[in-house]
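Each chain, letter by letter, is given below.
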2 protein chains.
Amino acid sequence: MNIGGKAATLADVAALAGVSQQTVSRVVNNQGPVAARTRVRVMEAVGQLNYVPNRLAQGLARQRSQSIGFATNDISLHAPSQLTSAIEGAARSAGLSLIVSIVPGYGLGNVTQAVRALKERQVDGVLINASLSSADAEEVARRFSDVPCVFMDVPPGAAVNAALLDQYHGAVLAARHLVELGHTRIACIHAPEGAVAEHSRMQGWQDVLREHGLVLVAQEEGDWSPASGYRAAVALLASGLSFTGLLVGNDQMAVGVLRALWERGLNVPGDISVIGYDDTAESALLIPPLTTVRQDFPVLGRRAFGHLGALLDDHDPQTTTLTRPELVVRASTAPPRSGEHVRLQEALQLLQRHVREGPGHPPLAQQERPGER
Amino acid sequence: MNIGGKAATLADVAALAGVSQQTVSRVVNNQGPVAARTRVRVMEAVGQLNYVPNRLAQGLARQRSQSIGFATNDISLHAPSQLTSAIEGAARSAGLSLIVSIVPGYGLGNVTQAVRALKERQVDGVLINASLSSADAEEVARRFSDVPCVFMDVPPGAAVNAALLDQYHGAVLAARHLVELGHTRIACIHAPEGAVAEHSRMQGWQDVLREHGLVLVAQEEGDWSPASGYRAAVALLASGLSFTGLLVGNDQMAVGVLRALWERGLNVPGDISVIGYDDTAESALLIPPLTTVRQDFPVLGRRAFGHLGALLDDHDPQTTTLTRPELVVRASTAPPRSGEHVRLQEALQLLQRHVREGPGHPPLAQQERPGER
DNA sequence: TTGTTAAGCGCAAGAGTGATT
DNA sequence: TAATCACTCTTGCGCTTAACA
């Protein structure tokens, strides 16, 4: 177990096994011919000393660190955490380690700093999940031309290697869904301007509306968080502008939106249809279940890692892969109705519930006191 | 910009500046006396070659990699992602890199494997956020005695360095809250048995109930996910056992629980009070706002990192720090009431809403067609 | 076929060398 | 003469990769 003392090195193993360092190296790395008997002797020594190769030294000598870097926005948000999970999995099963470097805020400078930190560690490649304009992304790729970079949050047109979600397409799906339901007065809650993904989404929303001779009747900005979604929805309602459809930049903000609408007695989808983006684990279980655009982060993560792998193996694709999201229709969207309609429906629902809760189907709270029935 | 070619080394800088390698080293690391003029010349060369120190080589020479490892459960879950964010932040501002290694599943073997991968990279210390029994944690600490380990998900009694959340205390707060509201029939939805944190919580819940002469009337197991919370709640309801209070292992499962109850027309907190655990960003905005136990992950992350730092600086505390969660009372809990009471209340709310929606305060859906008014 | 010797990856730390006060 | 100061030389961290016996 080698308690306390320094870790065993190749030389230690060699000494114990009575062979040279390089023989041990061959055995450990399984390359080069080694006599079966020698191999056994070496393996025994390895086990005895609990030898663990020093990847730092290995990296220095091999000029390959067997690690990749992941520069990402705040990992406590939904998308980055899902991505990190997927990427770490892919990297681990390829024998690579993942070094995470969080990019604090937007902009070229922040990204450069994060990638530089990774480059110092001699990562073999970098995955960058931070919003960057085409020009900025190309600048980053230029500055770090000696380490393969795959971008994950840049415009599809950027001349860099990229593994992206087709945000534009997803937005089109969402907007089209509302339009096809018959909504004509549609508002949106989008993410911060700096976010490239968000730009594509706005574009998609607006293009669809324009196609149908419509425009966004109102818009508010959030910061991806549920609380910001709540605030934005409140602001939208306070503006006095009327709308029956609401496009929301992500599902977390939609949680806040649903709450704001509920608080004001507005029915979803009766009064207002709400559609989110992401399809988080919660989305199907919200009240009402959220119609949204599903992004498959595990697939994206594996695809991005694969892209990087191809770069490392010297194919130089310089391409962009787009992963298409899909629409998931649930109960938070429906054709628009008049206010009268809505209250009628509410009254009906109420009646229904009262009927259902009658003798035939007593609620739990009653069972607790059988004597009272 | 050094396009294409190999990265510049200390020697390259030294050659360009016309000094020795070691002088450059001194300048870069800001230690040892260097003439002002020489320093300037060196800095210029550094800038010109875009020199970035090689941390691998540095680590080899210094016997310190300036990186720490984080072995954690699936990072796509709430707690691990929040923790990762906090720890990365603390590490970055201390000039250390974070290497993440995900522990696939529970058990000593998985953790050992993950930590071994980190040790290979010569991390200066390891933070371990994976469930481990006292014995297993001690075994891990023994196996990796040459690298400081701080555990984050072990029983408080374990003889290892640990930075923990006081899960027991949090559970006590939750259970006590329900009991003090007057609930006597309480059920729970807990996390997988393997989870150490969960054991403490169950203990806390049960101890409080026992104190008051009560027992859990029913229990179901979930896997932290909203969907599992939904399933567990459905199973609980189907069991026919009656209860008015429901303790849930985390807020994500509580989302599914709220949905299941809503679907069946059960009022929260009227029919059933629900209390979660974590206080996620969504919790305050659920319908109804969730009463829960707040865990401060950023504080825990910083504290764990601080603990590791102390270990690295050779103080050997061998202690456990407990971070206390706090109760956040919102609208999902209330004193238990009879079924009659509940429906009366619902009717009142309905009336209230109709009054509110009258001429003085028209809902948005109406404003959209002013002609109709 | 097995094995060994030697050089070097990029850097840091200690001993050593001339200068300047 | 002695004491700095500014810098250089040398060695080695643990490993790999030729070239060689």
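Not measured: the values here are computed from a predicted model. (Residues numbered from 1 in each chain as written. Chains lettered and ligands numbered in written order. Predicted model: local features only at pLDDT ≥ 70, side-chain atom pairs only at ≥ 80, totals over all residues. Heavy atoms only, no water.)

1. A look at the overall build of chain A
Okay, step 1: Scanning chain A for helices and strands turns up 14 helices and 12 strands.
Okay, step 2: The burial tally for chain A puts 55% of its 373 residues in the buried class.
Okay, step 3: Of the contacts formed within chain A by residues at least 6 apart in sequence, a portion of 70% connects residues at least 24 apart.
Okay, step 4: Carbon and sulfur atoms provide 52% of the accessible area of chain A, an area that totals close to 15100 Å². (Helix = DSSP H or I, 4+ residues; strand = E, 2+ residues; numbered from the N terminus. Buried < 20%, exposed > 50% of the residue type's maximum accessible area, 1.4 Å probe, protein only. Contact = heavy atoms within 4.5 Å. Areas by Shrake-Rupley, 256 points an atom, 1.4 Å probe, with all protein chains shown as cover.)

2. A word on the protein's contact with DNA strand C
Okay, step 1: Within the structure, DNA strand C sits among 27 residues, and S20(A), R26(A), T38(A), L10(B) and Y51(B) are positioned closest to it.
Okay, step 2: In DNA strand C, atoms within 4 Å of the protein come from the sugar-phosphate backbone in 64% of cases.
Okay, step 3: In this structure, a phosphate oxygen belonging to DNA strand C sits 2.9 Å away from a side-chain N or O atom of S25(B).
Okay, step 4: Take A57(B): an N or O atom from its main chain is 3.4 Å from a base nitrogen of DNA strand C.
Okay, step 5: Considering each element in turn, the surface near DNA strand C owes the most residues, 5 residues, to helix α4 (residues 55-62) of chain B.
Okay, step 6: Each residue belonging to the surface near DNA strand C can be placed in one class, and the counts come to 12 nonpolar, 13 polar and 2 charged. (Near = heavy atom within 4 Å. Polar contact = N/O pair within 3.5 Å; in protein donor to acceptor, adjacent residues only side chain to side chain. Nonpolar A, V, L, I, M, F, W, Y, C, P; charged D, E, K, R; others polar.)

3. Things to note about the packing of aromatic side chains
Okay, step 1: Applying the stated criterion across every chain yields a total of 0 aromatic pairs over all chains.
Okay, step 2: Looking at R201(A), its charged tip hangs above the ring of Y277(A), at a distance of 3.8 Å from the centre. (Phe/Tyr/Trp six-rings, centres within 6.5 Å; stacked < 30°, edge-to-face > 60°. Lys NZ or Arg CZ within 6 Å of the ring centre and 35° of its normal.)

4. Description of the packing of helix α4 (residues 55-62) of chain A against α4(B)
Okay, step 1: Two numbers describe how α4(A) lies on α4(B): the axes approach to 9 Å, and their chain directions differ by 130°. Relative to α4(B), the element α4(A) is oriented oblique. Handedness of the α4(A)/α4(B) crossing: left-handed. For the pair formed by α4(A) and α4(B), the contact residues are L56(A), A57(A), G59(A) and L60(A) on the first element and L56(B), A57(B), G59(B) and L60(B) on the second.
Okay, step 2: Residues of the contact of α4(A) with α4(B), tallied by class, amount to 6 nonpolar, 2 polar and no charged. (Axes fitted to C-alpha atoms, helices over the stretch in contact; angles between N-to-C directions. Parallel < 35°, antiparallel > 145°, perpendicular 65-115°, else oblique. Left-handed = near helix turned anticlockwise from the far one by under 90°.)

5. Observations regarding the protein's contact with DNA strand D
Okay, step 1: Close to DNA strand D lie 26 residues, the nearest being L10(A), Y51(A), S20(B), T23(B) and T38(B).
Okay, step 2: Protein-proximal atoms of DNA strand D, defined as those within 4 Å of the protein, fall in sugar or phosphate at a share of 65%.
Okay, step 3: A distance of 3.0 Å separates a base oxygen of DNA strand D from a polar atom in the side chain of Q22(B).
Okay, step 4: Residue R26(B) places a side-chain N or O atom 3.0 Å away from a base nitrogen belonging to DNA strand D.
Okay, step 5: Sorting the residues of the surface near DNA strand D by element identifies α2 (21-29) and α4 of chain A together with α2 (21-29) and α4 of chain B as the ones contributing at least two each.

6. Side note on the pattern of salt bridges
Okay, step 1: By the definition in use, this model includes 22 salt bridges over all chains.
Okay, step 2: Here R324(A) and D166(A) are joined by a salt bridge, their closest N and O atoms 3.7 Å apart. Of the two residues, R324(A) sits in the loop between β11 (320-323) and β12 (326-328) while D166(A) sits in the loop between β5 (162-165) and α8 (167-181), which places them 158 residues apart along the sequence.
Okay, step 3: For D166(A), a relative accessible area of 10% gives the class buried.
Okay, step 4: With a closest N to O distance of 3.2 Å, R210(B) and D207(B) form a salt bridge. Within this pair, R210(B) and its partner D207(B) are both found in helix α9 (residues 196-211), separated by 3 residues, close to a single helical turn. (Salt bridge = Lys/Arg side-chain N within 4 Å of Asp/Glu carboxyl O.)

7. A look at helix α1 (residues 10-17) of chain B
Residues and elements named next belong to chain B.
Okay, step 1: Residues of α1 that are buried include every one of V13, A14 and A17, and no others. With its buried residues spanning 100° around the axis, α1 presents them on a single face.
Okay, step 2: At the exit of α1 stands G18, carrying a positive phi of roughly 70°. (Arc of directions from axis to C-beta.)

8. Considerations on the packing of helix α6 (residues 108-120) of chain B against helix α7 (residues 134-143) of chain B
All names here are of chain B.
Okay, step 1: At a minimum axis distance of 10 Å, the contact between α6 and α7 shows a crossing angle of 30°. For the element pair α6 / α7, the angle class is roughly parallel. In terms of crossing hand, the pair formed by α6 and α7 is right-handed. Along its contact with α6, which presents L108, V111 and T112, the element α7 presents D136, E139, V140 and R143.
Okay, step 2: Of the residues that constitute the contact of α6 with α7, the class distribution is 3 nonpolar, 1 polar and 3 charged.

9. Focus on the sheet that holds strand β9 (residues 273-275) of chain A
Adjacent strands of a sheet pair through backbone hydrogen bonds, lying either parallel or antiparallel.
All names here are of chain A.
Okay, step 1: Within the open sheet, the 4 strands sit side by side as β7-β6-β8-β9. Their pairing is parallel. Unpaired on one side and paired on the other, β7 (216-221) and β9 mark the two borders of the sheet. With direction set aside, neighbouring strand axes in the sheet form an average angle of 15°.
Okay, step 2: Where strand β6 (residues 186-190) lies against strand β8 (residues 245-248), 4 bridges are found, and the strand directions are parallel. For A187, the partnering residue across the bridge sits in β8 and is L246.
Okay, step 3: The sheet strands contacting α8 are β6, β8 and β9, and the helix crosses β8 at an angle near 175°.
Okay, step 4: Contacts from helix α9 (residues 196-211) reach β6, β7 and β8 within the one sheet, and its direction differs from that of β6 by about 175°. (Pairing = 2+ DSSP bridges.)

10. What to know about the sheet that holds strand β8 (residues 245-248) of chain B
Residue and element names in this part refer to chain B.
Okay, step 1: The 4 strands lie next to each other as β7-β6-β8-β9, forming an open sheet whose pairing is parallel. If you trace the sheet from one side to the other, it starts and ends with β7 (216-221) and β9 (273-275), each paired once. The sheet shows a mean angle of 15° between the axes of neighbouring strands, direction not considered.
Okay, step 2: Against the sheet, helix α8 (residues 167-180) makes contact with β6 (186-190), β8 and β9, and its axis sits at roughly 175° relative to β8, the strand it touches most.

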